[in-house]
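Here is what each chain is made of, one letter per residue.
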Amino acid sequence: MTERARATAEPPADPEPPASPAPASATSPTAPASAAPPRRSDATRAGILAAARERFAADGYERATIRAIARDARIDPSMVMRYYGNKEGLFAAATSVDLRMPDFTRVPREDVGRHLVTHVLDVWEDAGELTALLRVGITNQAGAERMREIFAEQLLPVAREVCPDPAEAPTRAALCAAQVLGLALTRYVLRFPPSAALTREEITQWLAPTLQRYLTADRP
């Protein structure tokens, strides 16, 4: 049989089966986001910041050292420097707090005080770093300055939005801060039994009318 005839008579070979797709790895774009394990660096950063807040509160900014913070976090001091550069950068990160203030222009004017109290309680009770910052703020000047910055940047705009005279906003915001920080100090740091025992509803009933007056009432 000629080569031409043999090629015609023999059936064509089966094509190779397509290669099976490789299983998606945790880092594959097709893998679900929940499959990705938490990064070790996230846990390391969290550990450093927690140790830094405790050390700054206990020793103050000047006496706290990178070496002591690293020892508390059980890591090498070089890791602290790697993530935050120096003590100033670490302090800024450890005392960075977002109060997540809502848009109070959308809140009925007569309900501003109650809304502010409930929001502040949510933030204080959900964010341990805010309590740590308060402890830092009452023990050293750098912490106090950082606390002033946070409330100036985040509470003062609320007063400007709702008070009758924007020129009075700094005074009204300061009065609100005195009430809020006083409550936080006695409830979360010093843990005065009567203050710590108050329910959220009781705190709101006591404090909301005062904040409402500070923010929206006419000047006395």
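Residues numbered from 1 in each chain as written. Predicted model: local features only at pLDDT ≥ 70, side-chain atom pairs only at ≥ 80, totals over all residues. Heavy atoms only, no water.

Examining unusual backbone geometry
Here is step 1: For R100, which is not glycine, the phi dihedral falls at a positive 50°.
Here is step 2: As for its position among the elements, R100 is in the loop between α5 (87–94) and α6 (112–126).
Here is step 3: A positive phi angle is found at R191, which is not glycine, with a value near 55°.
Here is step 4: Considering the arrangement of structural elements, one finds R191 in the loop between α10 (169–189) and α11 (193–197).
Here is step 5: We classify R191 as exposed; its relative accessible area is 56%. (Helix = DSSP H or I, 4+ residues; strand = E, 2+ residues; numbered from the N terminus. Buried < 20%, exposed > 50% of the residue type's maximum accessible area, 1.4 Å probe, protein only.)

Description of helix α8 (residues 141–154)
Here is step 1: The end-to-end C-alpha distance of α8, which contains 14 residues, comes to 20 Å, matching closely the 20 Å that a straight helix rising 1.5 Å per residue would cover.
Here is step 2: Inspection of α8 places G143, A144, R146, M147, I150, F151 and Q154 among the buried residues, and these make up the whole buried set. In an axial view of α8, the angular spread of the buried residues amounts to 160°, which keeps them on one side of the axis. Away from the buried face of α8 by more than 90 degrees, exposed residues Q141 and E153 are located. (Expected span 1.5 Å × (residues − 1). Arc of directions from axis to C-beta.)

What about the confidence of the model for the protein chain?
Here is step 1: Chain-level pLDDT for the protein chain is 82 on average; 82% of the residues reach the 70-or-more range.
Here is step 2: Looking at the elements of the protein chain, mean pLDDT is at its lowest for helix α1 (residues 3–9), recorded as 44, and at its highest for helix α12 (residues 200–216), recorded as 97.
Here is step 3: Low pLDDT, under 50, characterises residues 1–35; the stretch is placed with eight contacts to residues that sit more than four places away or in other chains. (pLDDT = per-residue confidence, 0-100. Contact = heavy atoms within 4.5 Å.)

Remarks on the packing of aromatic side chains
Here is step 1: Across all of its chains, the model carries five aromatic pairs by this definition.
Here is step 2: The interplanar angle of 15° and the centroid separation of 6.0 Å between the aromatic rings of W124 and Y188 together place this pair among those described as stacked. Of this pair, W124 sits in helix α6 while Y188 sits in helix α10, and the two are 64 residues apart along the sequence. For the residue pair W124 and Y188, the accessibility class agrees, reading buried in each case. (Phe/Tyr/Trp six-rings, centres within 6.5 Å; stacked < 30°, edge-to-face > 60°.)

Looking at the packing of α6 against α12
Here is step 1: Running from N to C, α6 and α12 point in directions that differ by 125°, and their axes come no closer than 7 Å. Between α6 and α12, the interaxial angle falls into the category oblique. The two elements α6 and α12 meet at a crossing, and its hand is right-handed. Counted together, V112, G113, R114, L116, V117, T118, L121, D122 and E125 of α6 and R200, I203, T204, L207, A208, L211, Q212 and L215 of α12 form the full contact between these two elements.
Here is step 2: Here the residues of the contact of α6 with α12 are counted per class, giving nine nonpolar, four polar and four charged. (Axes fitted to C-alpha atoms, helices over the stretch in contact; angles between N-to-C directions. Parallel < 35°, antiparallel > 145°, perpendicular 65-115°, else oblique. Left-handed = near helix turned anticlockwise from the far one by under 90°. Nonpolar A, V, L, I, M, F, W, Y, C, P; charged D, E, K, R; others polar.)

Comments concerning the nonpolar core
Here is step 1: In terms of nonpolar packing, the biggest core is built from 37 residues, with W124 and L211 touching the most fellow members.
Here is step 2: Of all the secondary structure elements, the ones that give two or more residues to this core are α6, α7 (128–137), α8, α9 (156–162), α10 and α12.
Here is step 3: With eight residues, α10 is the single largest residue contributor to this core.
Here is step 4: Apart from the residues within four sequence positions on either side, L211 is in contact with G113, L116, V117, C176, Q179 and V180.
Here is step 5: Core analysis: the next-biggest nonpolar cluster, separate from the first, contains 18 residues, A64, I69, V80 and Y84 among them. (Core = buried A, V, L, I, M, F, W, Y, C linked by side-chain atoms within 4.5 Å.)

Considerations on the environment of E125
Here is step 1: Residue position: E125 is located in helix α6.
Here is step 2: Separated by 63 residues in sequence, E125 and Y188 have C-alpha atoms that sit 8.7 Å apart.
Here is step 3: Those residues within four positions of E125 in sequence are excluded, and the remaining contacts are R187, Y188 and R200.
Here is step 4: Within polar-contact distance, the side chain of E125 engages the side chain of R187 at 3.5 Å. (Polar contact = N/O pair within 3.5 Å; in protein donor to acceptor, adjacent residues only side chain to side chain.)

As for the pattern of salt bridges
Here is step 1: For the structure shown, the criterion picks out twelve salt bridges.
Here is step 2: Put simply, R135 and E54 hold a salt bridge, and the shortest N to O gap is 3.3 Å. Linking R135 in helix α7 with E54 in helix α2 (residues 40–63), this pair joins segments that are 81 residues apart in sequence.
Here is step 3: Judged by its relative accessible area of 30%, R135 falls in the partly exposed class.
Here is step 4: Each member of the salt-bridge network shares a partner with another, and the members are D122, E125, R187 and R200. (Salt bridge = Lys/Arg side-chain N within 4 Å of Asp/Glu carboxyl O.)

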